[in-house]
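# An overview of the molecular structure
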Amino acid sequence: MRDLRPNPTITAVLGPTNTGKTHRAIRRMLAHRTGVIGLPLRLLAREVYERVCAEVGSAQVALLTGEEKKVPEKPRYWVCTTESMPASLPVDFVAIDEVQLAAHRERGHTFTDRILHARGFHETYLLGSDTMQPLLEELVPTATFEQQPRLSKLSYGGVHRIADLPARTAVVAFSVTAVYELAEQIRARRGGAAVVMGALSPRTRNAQVAMYQSGEVPFLVATDAIGMGLNMDVEHVAFASLSKFDGRQQRALTSAEAAQIAGRAGRYKRDGSFGALSGVGPLPAELIADIEGHRFPPVRRVVWRNHELDFTDLDALVRSLRKPPPRRCYVSLEDGGDLDTLVRLSERKEVRRLAQDEAGLRLLWEVASVPDFRDSLPEAHVNLLAQVFVQLRGPRGQLDPEWVRSRVEQLDRLDGELENLMTRIAWIRTWTYITHRSAWMAEATTWAERARVVEDRLSDALHAQLTARFVNQRVIALGQLEAEPGGLQVEVDALGAVWAAGHQLGTLDGFDFTLSAGKDDEAAVLRAARAGLRPVVAARLEAVLSAPDSAWAFDDQGLLRGAGFAVARLRPGPALDQPQVTLLRHDLLDSAGRGRLHDRAVAVVRAWVGRVLAPLDRVDEVHLLNAARAIRYQLREGLGLCWRKALGGELKSLTPLDKKNLARMDVRVGTTLVYVESLLKPDGVKDRALLYAASKDLHPLPPLPPAGAVSIKPPEGLSVRPGDWAFALGFVPVGPRALRADLVERLLMQLRQLGQAGPFRTPQAMPSQVGCSRAELHEMIVALGYHLDADGLFHAKRPSRPPPRRPPPPGRGPGRG
């Protein structure tokens, strides 16, 4: 595909949207014996692939994207995302769609590379906006240019409320939260909407689009993903915003970007219109004129990155990737993405050790190029790729199938809400990408199919949830009720009962509304109540969000309450001190409100965890050596308590400074236990219980010991062992009871003192000191290793033979001080 002929025919077909450029390129490709077309979106690539398959048969067409790979034995035509176009494939025809994306900050270098180097043996098509013509004339001087006029008229349609949007409208927003919020509003007022976002899997997206195309729902809510050639029967485009976050900052849309989106209205020869929602207001006159007249400033510079890489060593590879551009019309690709991943990987000793030769460097660069579909913290992505690289460079030379299996199976779950399914789909997309690397895995095709099956299952579940959440066929007169003068007025009394026009509609508990008995089918009442309660809920939400941390607390059921209202509960997180915060039902909150409430609850929980474990954070980690770090880690995992025998090696390795630092953290080292003294205080028992219960998903919170208890009877009937629950609360199982950890050490010391003179009886006051009866005390002492004889005397058990004599420390002999 790269420069296979000195002077192939190069044609730049330029023009606005709905000009038939992509259709023309497909027809031209099929007129040749072989061809490749590169498209900007995997959703569009899938659409074109199915279209070409329908015409020439799937045995002659390959599909190649980052996450899908369908390659028959001898394909003639290749449909790819631009990034996945094969670099050295000899074909007669090459087409690159949406070449103006060469100016994109993150993806532009790939489009620039294809413009410069991707060539068909006989013919090459460059498709895109006519804003690229001056730059293409400079970069590809042998190209001929053809202008493609728009097939239909695009005109300004004014401002609309959701209540009066025309049918077959696509509402465009620029964040997942905004898309969900708008879809919920359309469901409540107009019956429902399909949802289309770039983050959806092809299967989910196709199912959502099918609902819209069939007329099952009259509206579509989408991100700007629809601006890149996705073909649907849209008659009007309504902007929900004129700004977007571009990865660095919130900025206004350019006129060219707005036109790309607005141009989705009116397909083929049907005219279309564009406008805005009432919250945006009238579009600027200059912007309207630019869109209607297709007048936009030319692209002056494109993003460039050197493709001639130096694999001499890691530093040379990084330098070659950062090579300055050779022309003034090029802008260097900013650090980030695959280069940032490469640098982070190279900082790891094991990775650097395995990347000493050219083969290792090429593999490392290939691994670093695996995209982070999860949009997670960069370190999490780097951790995964480091494991991938180390395994690929290991003795097997491939990924461990059991490791891959465990990772994929973890994602094969359909529980949770939309956000959970979206997250799992993003994770499985990463694994789909990895499993499509045939050299990385034995039976790669089988693994790719497994990943695809999981993605399909998640996609179907996501489609079902999207439909359930955003489509309601029983739309009735809520809009009419809200449109009445003054709207529907409701009152909420002190008990939470919701009243309107003298009738009780239901009850309001926090942010959840429940219909009164016998009214479950009265959708009009439910919607009317919800509409009337919006100001109440909004005020309540603001009150909760503005409440200080001191107004947030966990109740006896383990629910987090803010300003007195139940908000969330804790669920298992990645670590015991990192619980997941899950909101309660909150059916009256929209996605934006749920997001704000969730963010506030997360902040409250993080601050609370920080206060609970504050003693262990008194000394910065950089001041601790490995042994002290390990002890602190074990204490965090044990909520301030662990067995001494588990830390034998670490305790022996402590330096005097480490011991001093551990003392600053309230760490006490006993004969049996190691614990943080301040975390054993009575007011910390509930905090420990909450963190442990969250890690084990215990809900509601099991009963807690009485305040100030020094020993407890481990509870029965829990899903965890009673002793584990007691230990998590700071109580150590000893015989029939569990004794607070510091008192275990105190009791052991008392028993040693009593036993110094031989057999002994327990003092009269000892049972009250440990909060138990004398009989229970005797059982506890026996459990601690003492023998009770028939006369009621305790004897210390002695070993059956003397312990081996320990050698003197180095440098000291017998008889020396």
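Every value quoted in this text rests on a predicted model; they were computed, and no experiment measured them. (Residues numbered from 1 in each chain as written. Predicted model: local features only at pLDDT ≥ 70, side-chain atom pairs only at ≥ 80, totals over all residues. Heavy atoms only, no water.)

### Quick word on the overall build of the chain
Keep this limit in mind: Helix and strand definitions follow DSSP, with helices as H or I runs of at least four residues and strands as E runs of at least two, each counted in order from the N terminus. Here's how the labels work: a residue is buried when its accessible area is under 20% of the maximum for its type, exposed when over 50%, partly exposed in between, all with a 1.4 Å probe on protein chains only. Only heavy atoms matter for contacts: two residues are in contact if any of them lie within 4.5 Å across the pair. Only the protein chains shown count as cover for residues, and all accessible areas are computed by the Shrake-Rupley method using a 1.4 Å probe. A residue counts as positive if it is Lys or Arg and as negative if it is Asp or Glu; His and the chain ends are not included. Charge placement uses NZ in Lys and CZ in Arg. For Asp and Glu, CG and CD serve respectively.
A tally of helices and strands in the chain yields 27 helices and 34 strands. Overall, the chain is about 110 × 85 × 45 Å in size when its C-alpha atoms are taken along their principal axes. Here the chain holds 817 residues, and the buried ones make up 50% of them. Counting only contacts in the chain whose residues sit at least 6 apart along the sequence, the fraction spanning at least 24 positions is 68%. On the chain, roughly 38500 Å² of surface is accessible, and the fraction owed to carbon and sulfur atoms is 52%. Looking at the chain, you have 107 positive and 95 negative side-chain charges, and the mean spots of the two groups are 5 Å apart.

### Some points on the sheet that holds strand 26 (residues 578–583)
Stated precisely, the cut-off is as follows: Any two strands with at least two DSSP bridges between them are considered paired. Structural elements are reduced to axes, namely lines fitted to C-alpha atoms, with helices fitted over the stretch in contact, and the angle between N-to-C directions of any two is expressed from 0 to 180 degrees.
If you walk across this open sheet you meet the four strands as 23-24-25-26, and the pairing is antiparallel. The open sheet has two edge strands, strand 23 (552–554) and strand 26, and neither has a second partner. Strand-to-strand, the axes of this sheet are offset by a mean angle of 35°, without reference to chain direction. As judged from the three bridges shared by strand 23 and strand 24 (residues 559–562), these two strands associate in the antiparallel manner. Counterpart to F554 in the pairing with strand 24 is L560. Lying on the sheet, helix 23 (residues 685–695) is in contact with strand 23, strand 25 (565–575) and strand 26; it crosses strand 25 at an angle near 65°.

### Some words on the sheet that holds strand 32 (residues 737–740)
If you walk across this open sheet you meet the three strands as 30-32-31, and the pairing is antiparallel. Only two strands of the sheet have a single neighbouring strand rather than two, namely strand 30 (711–712) and strand 31 (731–734). Helix-sheet contacts for helix 25 (residues 741–755) involve strand 31 and strand 32, and the interaxial angle to strand 32 is about 90°.

### Here we look at the pattern of salt bridges
For the record, the criterion: The term salt bridge refers to a pairing of a side-chain nitrogen on Lys or Arg with a carboxyl oxygen on Asp or Glu at a separation within 4 Å.
By the definition in use, this model includes 49 salt bridges. Notably, a salt bridge pairs R305 with D338, separated by 2.9 Å at the nearest N-O pair. Separated by 33 residues along the polypeptide, R305 in the loop between strand 17 (302–304) and helix 9 (314–321) and D338 in helix 10 (residues 337–346) bring together distant segments of the chain. E417 is the partner of R594 in a salt bridge, and the nearest nitrogen-oxygen pair spans 3.2 Å. Note that R594 is positioned in helix 19 (residues 591–612) and E417 in the loop between helix 14 (401–411) and helix 15 (418–435), a separation of 177 residues in sequence. When its relative accessible area of 38% is taken as the criterion, E417 is described as partly exposed. What you see here is one network of salt bridges that share partners, running through R203, E449, R452, D456 and D460.

### Remarks on the side chain of T124
This is how it is decided: Pairs of N or O atoms within 3.5 Å make up the polar contacts considered here, provided that, within protein, one atom can donate a hydrogen while the other can accept it, and that residues adjacent in sequence are counted only when both atoms are side-chain atoms.
With respect to the element layout, T124 can be found in strand 7 (residues 123–128). Looking at T124, its side chain comes within polar contact range of the main-chain nitrogen of G120, at 2.9 Å. When neighbours within four sequence positions are excluded, T124 is seen to be in contact with T9, I10, T11, V94, A118 and R119.

### Observations concerning the packing of aromatic side chains
The relative placement of two aromatic rings is captured by the distance of their centres and the angle of their planes. The cut-off we apply is this: Working definition: rings of Phe, Tyr and Trp (its six-membered ring) pair if their centres are within 6.5 Å, and the pair is stacked with planes under 30 degrees apart, edge-to-face with planes over 60 apart, and tilted otherwise. In our convention, an over-ring charge means Lys NZ or Arg CZ found within 6 Å of a ring centre and within 35 degrees of that ring's normal.
A complete count under the given rule lists eleven aromatic pairs for this structure. Seen from their ring centres, W304 and Y330 are 5.8 Å apart, and the 5° between their planes marks the pair as stacked. With W304 in strand 17 and Y330 in strand 18 (residues 330–332), the pair connects residues that are 26 residues apart, well separated along the chain. For the pair W304 and Y330, one class covers both residues: buried. Put simply, the rings of F760, Y786 and F794 touch in pairs and so form one group of aromatic residues. The ring of Y433 carries R437 above its face, with NZ or CZ at 4.0 Å from the centroid. The ring centre of W643 lies 6.0 Å from the NZ or CZ of K645, which sits over that ring.

### With respect to the pairing of strand 25
Across four bridges, the pairing between strand 24 and strand 25 is antiparallel. Each bridged residue has a counterpart across the sheet, and for G562 the counterpart in strand 25 is F565. The turn joining strand 24 and strand 25, which pair antiparallel and follow one another in sequence, is formed by two residues; a positive phi near 55° is taken by A563. As paired elements, strand 25 and strand 26 share five bridges and run antiparallel to each other. Bridging from a neighbouring strand, R571 pairs with Q580 of strand 26.

### Here we look at the packing of helix 1 (residues 21–30) against helix 2 (residues 42–56)
To describe two helices that pack against each other, one gives the angle between their axes and the distance between the axes. Test applied: Each angle gets one of four labels, with under 35 degrees taken as roughly parallel, over 145 as roughly antiparallel, 65 to 115 as roughly perpendicular, and the rest as oblique. What makes a crossing left-handed is the near helix being turned counterclockwise from the far one by less than a right angle; a clockwise turn instead makes it right-handed. Note on residue categories: nonpolar means Ala, Val, Leu, Ile, Met, Phe, Trp, Tyr, Cys or Pro, charged means Asp, Glu, Lys or Arg, and polar means any other residue, Gly included.
For the pair helix 1 and helix 2, interaxial distance at closest approach is 12 Å and the crossing angle is 40°. Taken as axis vectors, helix 1 and helix 2 run oblique relative to one another. Note that helix 1 runs across helix 2; the crossing there is right-handed. Judged by residue contacts, H23, I26, R27, M29 and L30 of helix 1 engage V48, R51, V52, E55 and V56 from helix 2. The class makeup of the residues in the contact of helix 1 with helix 2 is six nonpolar, one polar and three charged.

### Quick look at the environment of D687
Position of D687 relative to the elements: it lies in helix 23. By relative accessible area, which is 21% here, D687 ends up partly exposed. Sequence separation of D687 and L639 is 48 residues, and the distance between their C-alpha atoms is 9.5 Å. Other than its neighbours up to four places away in sequence, D687 contacts W608 and V612.

### A short note on the confidence of the model for the chain
Low-pLDDT portions of the prediction should not be read for the details of their coordinates. Just so we agree on the cut-off: pLDDT measures how confident the predictor is about each residue, on a scale from 0 to 100.
Considering every residue of the chain, the mean pLDDT works out to 85; 91% of them sit at 70 or more. Contacts from residues 473–483, a stretch scored under 50 in pLDDT, to residues over four places away or in other chains number 22 contacts.

### Some points on the packing of helix 9 against helix 12 (residues 358–368)
For the pair helix 9 and helix 12, the least separation of the axes is 10 Å and the interaxial angle reads 50°. Comparing their axes, helix 12 and helix 9 come out oblique. The way helix 9 lies across helix 12 gives a crossing that is right-handed. Residue-level contacts link L314, L317 and L321 of helix 9 to L361, L364 and W365 of helix 12. Taken together, the residues of the contact of helix 9 with helix 12 sort by class into six nonpolar, no polar and no charged.

### Some remarks on empty space enclosed by the protein
Convention followed: Detection works on a 1 Å grid of protein atoms alone, calling trapped sets that fit a 1.4 Å probe cavities and calling open sets with protein on both sides within 12 Å along at least five of seven lines pockets, with lining residues defined by an atom within 4 Å of a point. Grid points are joined across faces, edges and corners, and a volume is the space filled by probe spheres set on the points.
In the structure shown here, the tally under the stated rule is three cavities of 30 Å³ or more. Taken together, Q557, G558, R569, L570, L690, A693, A694, D697, L698, H699 and L701 make up the lining of the largest cavity. Taken together, the elements giving at least two residues each to the lining of the largest cavity come down to strand 25 and helix 23. The element best represented in the lining of the largest cavity is helix 23, accounting for three residues.

### Considerations on helix 9
Burial analysis of helix 9 places six of its eight residues in the buried class, which makes it a mostly covered element. Buried residues belonging to helix 9 abut helix 10, helix 11 (349–354) and helix 12. Capping of helix 9 at its N-terminal end is provided by D313; its side-chain oxygen lies 3.1 Å from the backbone amide nitrogen of D315.

### Some remarks on unusual backbone geometry
For the peptide bond that leads from H699 to P700, omega is 0°, which places it in the cis range. Counting through the fold element by element, P700 comes out in the loop between helix 23 and strand 30. One non-glycine residue, H294, lies in the positive phi region at around 55°. On the secondary structure map, H294 appears in the loop between helix 8 (285–293) and strand 17. Accessibility expressed as a relative area gives 27% for H294, which makes it partly exposed. One non-glycine residue with positive phi stands out, namely D666, at about 65°.

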